[in-house]
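Chain by chain, the residues run as shown.
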Amino acid sequence: MASAELLYKQANDAFFEDDYDEALELYNKAIDLDATNPEYFLKRSATYQKMKKKGKESLADAEKALSLIESNEHTEQDSIKAKALLRKGIALFELKNYQEAKKSLESSKELNPNEKSLATWLKKTETELEKIPKPTPTPPDSAGFLSQSRVRHEWYQNDNFVIVSIFIKNVKKETVDVYMTEKSLSVTVKLPTGSDYSLELEPLAHEIVPKESKYEVLSTKIEIKLKKANAGAKWGVLEGEDAVVGSVAYPSSAKRAKNWDALEKEISKEQEKPEGEAALNSLFQQLYKDADDDTKRAMLKSYTESSGTCLSTNWGEVSKGNVETKPPEGMIAKKWTS
């Protein structure tokens, strides 16, 4: 009966003569007699690679050889380990696992940088890696770009229109759906995340004329102009029944979290409602009294710097710079004085 060493030698001869079926059969017999020699597994791994479509078998033999090398002492351990890592890298390449193939090939290079075939396989692997599409970067605000909670709306009015601004940047017109009735406004915007932003105002404080109302999608916001059914009437609030005509209207930066318009209405029930500037001062003082320190700072800074055209409770936003004066259409800005 032939020894494992003799069978291994005969298998090598068949391999060099390109008779891979014969070589594989002889390597199998050698391994059956001696399954502790990593060289046997490495040569069978190379044979599988020559036979094509045997990537998994080739990888298994390369990993078996590595396991034997790491568990036993060999005279030329680095040299044979480098060979096993090279064989593993080639098998991974054939299996299209290019990332792991590169790691294995680079590990082999560290142990034996003079191996001639390494440079070729590394170059082939890097070429394949370059073909793989890079993942699309996550947009800013990974928790949900332009999430519902981060979109705000404001409103102001003139004699003929109530203007509602929804602040979302770079929205495409085809993603915006605006629906109006005489007493309601519904806006839906499809966000880049796939979710929807929705603004539902029903009932509006007063009636509008939908056919004469319009909207425009700008680079920084969606601007909706609601035509007043009763021209000249002053809306005290944007949403909800509002029987008080001629009340003060101002831009609001809050979205349902705090309804300052509703609070104004409640105050008017508790005391005789002053008119004109006195009414606005009374409202401001009432809101200011019940606010925390950051809200107070935001109210004072925004109202003063905007000459009374903006009342914000968001100190994080207001503290970033001067608040611009933005009077409603048909009105002239003037500085507010205490």
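Residues numbered from 1 in each chain as written. Predicted model: local features only at pLDDT ≥ 70, side-chain atom pairs only at ≥ 80, totals over all residues. Heavy atoms only, no water.

Peer 1: Help me out: how do you make sense of helix α2 (residues 20-33) in this one?
Peer 2: The periodicity of an α-helix, 3.6 residues per turn, causes residues three or four positions apart to be oriented the same way. If you check α2, its first and last C-alpha atoms are 20 Å apart, about what 14 residues at 1.5 Å a residue would give, namely 20 Å. Among all positions of α2, only Y20, A23, L24, L26, Y27, A30 and I31 are buried. For α2, the secondary structure elements touched by its buried residues are α1 (4-16) and α3 (38-51). (Helix = DSSP H or I, 4+ residues; strand = E, 2+ residues; numbered from the N terminus. Expected span 1.5 Å × (residues − 1). Buried < 20%, exposed > 50% of the residue type's maximum accessible area, 1.4 Å probe, protein only. Contact = heavy atoms within 4.5 Å.)

Peer 1: Can you walk me through unusual backbone geometry in this structure?
Peer 2: With an omega dihedral of 0 degrees, the bond running from E202 to P203 counts as a cis peptide bond. When you line up the elements, P203 lands in the loop between β5 (196-201) and β6 (214-217). The phi torsion at K96 lies on the positive side, around 65 degrees, for a residue other than glycine. Here K96 shows up in the loop between α5 (77-94) and α6 (98-111). Judged by its relative accessible area of 60%, K96 falls in the exposed class. A positive phi angle, near 55 degrees, is found at N170, a position not held by glycine. Along the chain, N170 turns up in the loop between β2 (161-167) and β3 (176-181).

Peer 1: How do you make sense of the side chain of K228 when you look at a structure like this?
Peer 2: With respect to the helices and strands, the residue K228 is situated in the loop between β7 (222-227) and α8 (260-270). Of the side chains with opposite charge, D159 lies nearest to the buried K228, which makes no salt bridge, at 5.7 Å. Polar contacts involving the side chain of K228 include one to the main-chain carbonyl oxygen of A233, which spans 2.7 Å. Apart from the residues within four sequence positions on either side, K228 is in contact with Q157, N158, D159, N160, F161, V162, E207, V209, A233, K234 and W235. (Lys, Arg positive; Asp, Glu negative; His and termini not counted. Salt bridge = Lys/Arg side-chain N within 4 Å of Asp/Glu carboxyl O. Polar contact = N/O pair within 3.5 Å; in protein donor to acceptor, adjacent residues only side chain to side chain.)

Peer 1: Sorry, what's going on with the sheet that holds β6 here?
Peer 2: Two orientations exist for strands paired in a sheet by backbone hydrogen bonds: parallel and antiparallel. Strand order in the open sheet made by the 4 strands is β1-β2-β7-β6, with antiparallel pairing throughout. One side of each edge strand has no neighbouring strand; the edge strands of this open sheet are β1 (152-157) and β6. The average undirected angle you get between the axes of adjacent strands in this sheet is 15 degrees. When β2 meets β7, the two strands line up antiparallel, connected through 6 bridges. Counted as the bridge partner of F161 is K227 from β7. (Pairing = 2+ DSSP bridges. Axes fitted to C-alpha atoms, helices over the stretch in contact; angles between N-to-C directions.)

Peer 1: What am I meant to see in the packing of helix α4 (residues 55-71) against α5 here?
Peer 2: The axes of two packed helices give the description: the angle between them and the distance between them. Across the interface, α4 lies against α5 with an axial gap of 8 Å and an inter-helix angle of 160 degrees. Accordingly, the angle class assigned to the pair α4 and α5 is roughly antiparallel. Crossing of α4 over α5 shows left-handed handedness. Of α5, the residues touching α4 (which contributes G55, S58, L59, A62, E63, A65, L66, I69 and E70) are Q77, I80, K81, A84, L85, R87, K88, A91 and L92. Along the lines of polarity and charge, the residues of the contact of α4 with α5 split into 10 nonpolar, 3 polar and 5 charged. (Parallel < 35°, antiparallel > 145°, perpendicular 65-115°, else oblique. Left-handed = near helix turned anticlockwise from the far one by under 90°. Nonpolar A, V, L, I, M, F, W, Y, C, P; charged D, E, K, R; others polar.)

Peer 1: I keep staring at the UniProt feature "repeat: TPR" (unreviewed entry) in the chain and nothing clicks. Help me out?
Peer 2: The feature "repeat: TPR" (unreviewed entry), as annotated in UniProt, sits at residues 4-37 and 82-115 in this numbering. Within the segment residues 4-37, helix and strand shares are 79% and 0% respectively, and the terminal C-alpha atoms sit 10 Å apart. The span residues 82-115 is 79% helix and 0% strand, and its two end C-alpha atoms sit 9 Å from each other. (UniProt positions renumbered as here; feature names shortened; annotations may be inferred.)

Peer 1: Would you mind going over helix α10 (residues 293-305) with me for this structure?
Peer 2: In this model α10 runs 18 Å from its N-terminal to its C-terminal C-alpha over 13 residues, within 8% of the 18 Å that 1.5 Å per residue would give. The complete set of buried residues in α10 reads T295, A298, M299, K301, S302 and Y303. Among the residues trailing α10, S307 stands out with phi positive, at a value near 55 degrees.

Peer 1: What is the right way to read the environment of K81 from this model?
Peer 2: Note that K81 resides in helix α5. For K81, a relative accessible area of 25% puts it in the partly exposed group. Distance in space between the C-alpha atoms of K81 and S67 is 9.7 Å, their sequence separation being 14 residues. Apart from the residues within four sequence positions on either side, K81 is in contact with L66, I69, E70 and L111.

Peer 1: Sorry, what's going on with the packing of aromatic side chains here?
Peer 2: Aromatic rings in a pair are described by how distant their centres are and how their planes are angled relative to each other. Evaluated as defined, the whole model comprises 6 aromatic pairs. Summarising the aromatic geometry, the rings of F15 and Y20 are spaced 5.5 Å apart at their centres and angled 70 degrees between planes, so their arrangement reads as edge-to-face. Grouping residues by exposure puts F15 and Y20 together as buried. Judged by centre distance (5.3 Å) and plane angle (65 degrees), the rings of F93 and Y98 are edge-to-face. Exposure class is identical for F93 and Y98. Each is buried. Site record: aromatic cluster; members linked through ring pairs are Y8, Y27 and Y40. The residue whose ring lies beneath K225 is F161, and the NZ or CZ to ring-centre distance is 4.9 Å. (Phe/Tyr/Trp six-rings, centres within 6.5 Å; stacked < 30°, edge-to-face > 60°. Lys NZ or Arg CZ within 6 Å of the ring centre and 35° of its normal.)

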